Amino acid sequence: MVYVGRILAPAEGYGRNDNCLVDSGLAVSKSNADTVGQHMDYWPAYESMRPSSRRAFLEWLSGDRSGPDTYIGYVFVYLYGLERRAVLERSVEDRPAIRAEVERLLALYGHHGSFRRYAGDFLAVLDILDLAPGQDPAPVFFPSSGDLPPAIRIGVGARIWDGRPVDADWLLAWTMSHPETRVRTPARRAFEHLRSEFATEFGRRNPSGGLPLKVRKGGTSPIWYRAASGTFSADLGPTGVEGLPDLARYPEALATGRELLELCTERLDAYSRHLGRGGGSAGETLQALALLPPGRRRSVSREAAGDGLAWLAERGRGRTRALPGRVRAGRWAGPGEGHAGKAPLPRGHALPLRAGAHPRPALPRARALLVGRAALPSGRPERVGRPAVGHLQGGVPDLVGGHAGGEGQR
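Residues numbered from 1 in each chain as written. Predicted model: local features only at pLDDT ≥ 70, side-chain atom pairs only at ≥ 80, totals over all residues. Heavy atoms only, no water.

### Section: the overall build of the protein chain
Our working definition: Labels follow the DSSP assignment, with helices taken as runs of H or I lasting at least four residues and strands as runs of E lasting at least two, numbered in each case from the N terminus. Relative accessibility thresholds used throughout: buried, under 20% of the residue-type maximum; exposed, over 50%; partly exposed, between the two (1.4 Å probe, protein chains only). Throughout, a contact is declared for two residues whenever any of their heavy atoms are within 4.5 Å. Per-residue and other accessible areas were derived by the Shrake-Rupley procedure at a 1.4 Å probe size, with only the shown protein chains allowed to occlude residues.
Along the protein chain, the regular secondary structure elements total 15 helices and ten strands. The buried share among the 410 residues of the protein chain stands at 48%. Taking contacts inside the protein chain between residues at least 6 apart in sequence as the whole, the part at least 24 apart equals 61%. Put simply, the protein chain shows about 20,300 Å² of open surface, and 52% of that area lies on carbon and sulfur atoms.

### A closer look at the nonpolar core
Side chains of a nonpolar character, in soluble globular proteins, are inclined to be buried together. Short version of the rule: The nonpolar core is taken to be a set of buried Ala, Val, Leu, Ile, Met, Phe, Trp, Tyr and Cys residues, with the residues joined through side-chain atoms within 4.5 Å.
Counting 45 residues, the largest nonpolar core has Phe57, Val87, Phe115 and Phe122 as its most contacted members. Elements with a contribution of two residues or more to this core: helix H1 (51-62), helix H2 (72-88), helix H3 (95-109) and helix H4 (113-129). No other element matches the eleven residues that H2 contributes to this core. Those residues in contact with Phe122, other than ones at most four positions away along the chain, are Leu79, Leu82, Glu83, Ala86, Val87, Ile98, Val102 and Tyr225. Core analysis: the second largest hydrophobic core is formed by 36 residues, Ile152, Ala168, Phe191 and Leu260 among them.

### A short note on helix H6 (residues 168-177)
Operational definition: Pairing of N or O atoms within 3.5 Å defines a polar contact, subject to two protein rules: one partner must be a possible hydrogen donor and the other a possible acceptor, and residues neighboring in sequence count only if both atoms are side-chain atoms.
Counting buried positions along H6 yields nine of ten residues, so the element is predominantly enclosed. Taken together, the buried positions of H6 are Ala168, Trp170, Leu171, Leu172, Ala173, Trp174, Thr175, Met176 and Ser177. For H6, the secondary structure elements touched by its buried residues are helix H5 (150-162), helix H7 (185-189), helix H8 (191-205) and helix H9 (251-267). The N-cap of H6, judged by a side-chain oxygen 3.3 Å from the amide nitrogen of Asp169 a few residues on, is Asp167.

### Notes on the packing of aromatic side chains
For clarity, the threshold we go by: For this analysis, a ring pair means two rings from Phe, Tyr or Trp (six-membered ring only for Trp) whose centres lie within 6.5 Å, classed as stacked if their planes differ by under 30 degrees, edge-to-face if by over 60, and tilted for the remaining angles.
Inspection of the entire model under this criterion finds eleven aromatic pairs. An angle of 90 degrees between the planes, with centres 5.1 Å apart, marks the rings of Tyr42 and Trp43 as edge-to-face. The two residues Tyr42 and Trp43 agree in class, both being exposed. Centre to centre, the rings of Phe76 and Phe115 are 5.4 Å apart; their planes meet at 80 degrees, and the pair counts as edge-to-face.

### Here we look at the pattern of salt bridges
Rule in force here: By convention in these notes, a salt bridge is any Lys or Arg side-chain nitrogen within 4 Å of a carboxyl oxygen on Asp or Glu.
A full pass over the atoms with the stated rule returns 29 salt bridges. A salt bridge links Arg99 to Asp130; its shortest N-O distance comes to 2.9 Å. Note that Arg99 is positioned in helix H3 and Asp130 in the loop between H4 and H5, a separation of 31 residues in sequence. Classification of Arg99 as buried rests on a relative accessible area of 18%.

### What about the side chain of Asp34?
Formally: Here the positive residues are Lys and Arg and the negative ones are Asp and Glu; neither His nor the chain ends is included.
Position of Asp34 among the secondary structure elements: in the loop between strand S2 (22-23) and H1. The side chain of Asp34 sits in the buried core without any salt bridge; Arg50 is the nearest counter-charge, 7.3 Å away. Among the polar contacts listed, one links the side chain of Asp34 to the side chain of Ser53, at a separation of 2.9 Å. Apart from residues no more than four positions distant in its own chain, Asp34 is found in contact with His39, Met40, Ser52, Ser53, Ala56 and Tyr74.

### Digging into the environment of Tyr78
Its location among the elements puts Tyr78 in helix H2. Put simply, Tyr78 and Phe57 are 21 residues apart on the chain and 9.0 Å apart in space, counted from C-alpha to C-alpha. Setting aside anything within four residues of it in sequence, one finds Tyr78 in contact with Met1, Val2, Phe57, Trp60, Leu61, Arg65, Glu101 and Leu105.

### Digging into unusual backbone geometry
Positive phi, normally seen in glycine, also occurs at Arg65, with a value near 55 degrees. Inspection of the secondary structure assignment puts Arg65 in the loop between H1 and H2. By relative accessible area, Arg65 is classed as partly exposed at 22%. One non-glycine residue with positive phi stands out, namely Arg90, at about 50 degrees. Turning to its location among the elements, Arg90 is positioned in the loop between H2 and H3. Residue classification places Arg90 among the partly exposed positions, given a relative accessible area of 35%.

### A short note on the packing of H6 against H8
Applicable threshold: For helices, the fitted line uses only the C-alpha atoms of the stretch in contact; every axis is such a line through C-alpha atoms, and the angle between N-to-C directions lies from 0 to 180 degrees. An angle below 35 degrees is read as roughly parallel, one above 145 as roughly antiparallel, one from 65 to 115 as roughly perpendicular, and any other as oblique. The handedness criterion is simple: a crossing whose near helix is rotated anticlockwise from the far helix by less than a right angle is left-handed, and one whose near helix is rotated clockwise is right-handed. Ten residue types, Ala, Val, Leu, Ile, Met, Phe, Trp, Tyr, Cys and Pro, are classed as nonpolar, four, Asp, Glu, Lys and Arg, as charged, and the remainder, Gly among them, as polar.
Where H6 contacts H8, the two axes come as close as 9 Å, and the packing angle between them is 120 degrees. What the angle tells us is that H6 and H8 run oblique. As H6 packs across H8, the resulting crossing turns out to be right-handed. Here H6 contributes Ala168, Asp169, Leu171, Leu172 and Met176 to the contact with H8, which in turn contributes Phe191, Leu194, Arg195, Phe198, Ala199 and Phe202. Broken down by class, the residue content of the contact of H6 with H8 amounts to nine nonpolar, no polar and two charged.

Everything listed here is a matter of geometry and, on its own, says nothing about what the molecule does.
Right, here's the structure in full:
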C-alpha cells in the first residue's frame, strides 16, 4: 500500500508533501542504486532522497520487501504510508491487511531497535482502533516510547472516569509500563508468578475488590499518538470524550503499585535465580517449587507434569521408603539431573515442602531415604516418613520432630 502522486500534504509540519508520498515527478537514477543508504537523511522522506536512494527504495518496494540487509530508512518510508492510511485516515477496510504487513515487517526488521519501537507502538494503536465502543484494551506491561502506553492511559483512565475501581491487573500494568518504574529481573523472568502473587497481595489489602480513584478537577488530557513520520498526530480517546484523567495526577496509586511490585519481586528472587541457572525447564521441578511463595506451590505443582507434591506425599505415605537416588534426584531437579551424586535435596531447601531426603549409611550410595512431612491438598502437613535413629544427617531430625519451617517461611 503506497501513496503515489504529486501532492499529499502533511497534516502537521512544513514539508510540501507527506514523507511517504512517492512523487512521480522527482528524478530517479537510471543505474546507480544507494542500497546501503549512504545518502539518506536521519529522518527519511521520499521527497528529500537523492535519485540513487529513490532507485534503491523503489527496487525494494517493487520486490517482496523482505531483503534482510535493506537500509532501515527505506522500510520506515514504507511504514509511514501504512501508518497514515490506518491512523490518520482511519481506514477500517484496510486495517487487517495493514496489521498483517506491519507484523511481517516487524518479524523481518525487528532487530533494529528504533523500527521495533515504532512498529510496536503502531500495532498497539491498531489494537485500540479495533476496540468496540466501551470495550477495554488489553493491559500492557512494558513501557512505550518514554511514556505510558495509550492502552494504559485508556484502560485505567476509563475506569477512573466511569467510577470503576482499578483492579490488580491494571495497577500492575500501570506500574510496570511506567517509564520511571524500576522493574527487576525476577518480575520479567517469572512474570506469571508475579502477576498471581501481585493479585493475591492486592486482594488482601483491598478486600472490596479494587482501588477507588476519583476524577480530579482539571486533571484530564487527550490521548495523543504521534506518528513515526512526524507528519500527523491522532487523538485515541473514546469518541465523545474530550479527555480522560491524567494518570500523572495519581502518584499515590503508582506508589502503591511500586510497593507491591517490589514486595512480590523480592518473594520471587530465589526462584528467578534458580531459573537463571537452569533454564526455563527448571521451573517445573520440586527444587524450583520449594523456592516459590507458599501460595503458588500447590497450583504450580498441579500444573506441572506429574504433580510433584502429590508424588512426594505418596512415596512416603504410611512408612519410610528407600528410593533409588536416580528417581529421587530426577524428581527433585528434573530430567537429566537424576543421579544420586548430582542433585540431592540441598540442606534447608526442602523445608518449605516439609520433606527431605538423605543417604542411609547402611545402604549403597544410589539409594536414599525420604523423610519428613509433605503439604497435602488439604493444606495440612502429614507425616510421610519414620526414619531409623542415627540414619539422618544435617537438619532432617528437625523435620522428623515436627519443628521444620513450614508454609509460613518466605
